[in-house]
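# A structural walkthrough
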Amino acid sequence: MADSGSWRPPRPCETYRAEWKLCRSAGHFLHHYYVHGKRPACEQWLRDLASCRDWEERRSAEAQQSLCESERARVQAARKHTLVWALRQSPPADWHLPLQEKDK
């Protein structure tokens, strides 16, 4: 890691606050409950917000470590989801031909 004088949080503190506020909103709650069948976990956004503010006020090494670990975990969680569709390298050979009419 870089020395604590030049290190900055990965996101501005206002971003962590906005994510926490969005996570607690009624629309997000309903969507998350519909998709996943459980309440959204917003505690991590609140911990990140507290760590970011702690870093800005005191330059705490614990806050820096907490934010780095949280962002690493978030990136790892995003990478574990694979694509559903196989991506093509080139278009089909007959892509420019008219479609065949189906019998009605």
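These lines cover the structure that appears in this document, whether it is placed above or below.

Calculation criteria
Residues numbered from 1 in each chain as written. Predicted model: local features only at pLDDT ≥ 70, side-chain atom pairs only at ≥ 80, totals over all residues. Heavy atoms only, no water. Disulfide = S-S within 2.5 Å. Helix = DSSP H or I, 4+ residues; strand = E, 2+ residues; numbered from the N terminus. Buried < 20%, exposed > 50% of the residue type's maximum accessible area, 1.4 Å probe, protein only.

One pass over the structure, following the stated rule, counts 2 disulfides. Between the sulfur of Cys13 and that of Cys52 lies a disulfide, 1.9 Å long from S to S. When the S-S torsion is -95 degrees, as for the bridge of Cys13 with Cys52, the disulfide is left-handed. Linking Cys13 in helix 1 (residues 13-23) with Cys52 in helix 3 (residues 43-58), this pair joins segments that are 39 residues apart in sequence. A sulfur-sulfur separation of 2.0 Å characterises the disulfide bridge that pairs Cys23 with Cys42. A torsion of -85 degrees about the S-S bond marks the disulfide between Cys23 and Cys42 as left-handed. Of this pair, Cys23 sits in helix 1 while Cys42 sits in the loop between helix 2 (26-36) and helix 3, and the two are 19 residues apart along the sequence. Take Cys42: its relative accessible area is 10%, and that puts it in the buried class. Of note for the protein: the bonded cysteines, numbered N- to C-terminal, pair according to 1-4, 2-3. Free cysteine: Cys68, not disulfide-bonded; nearest cysteine sulfur from Cys52 at 11 Å.

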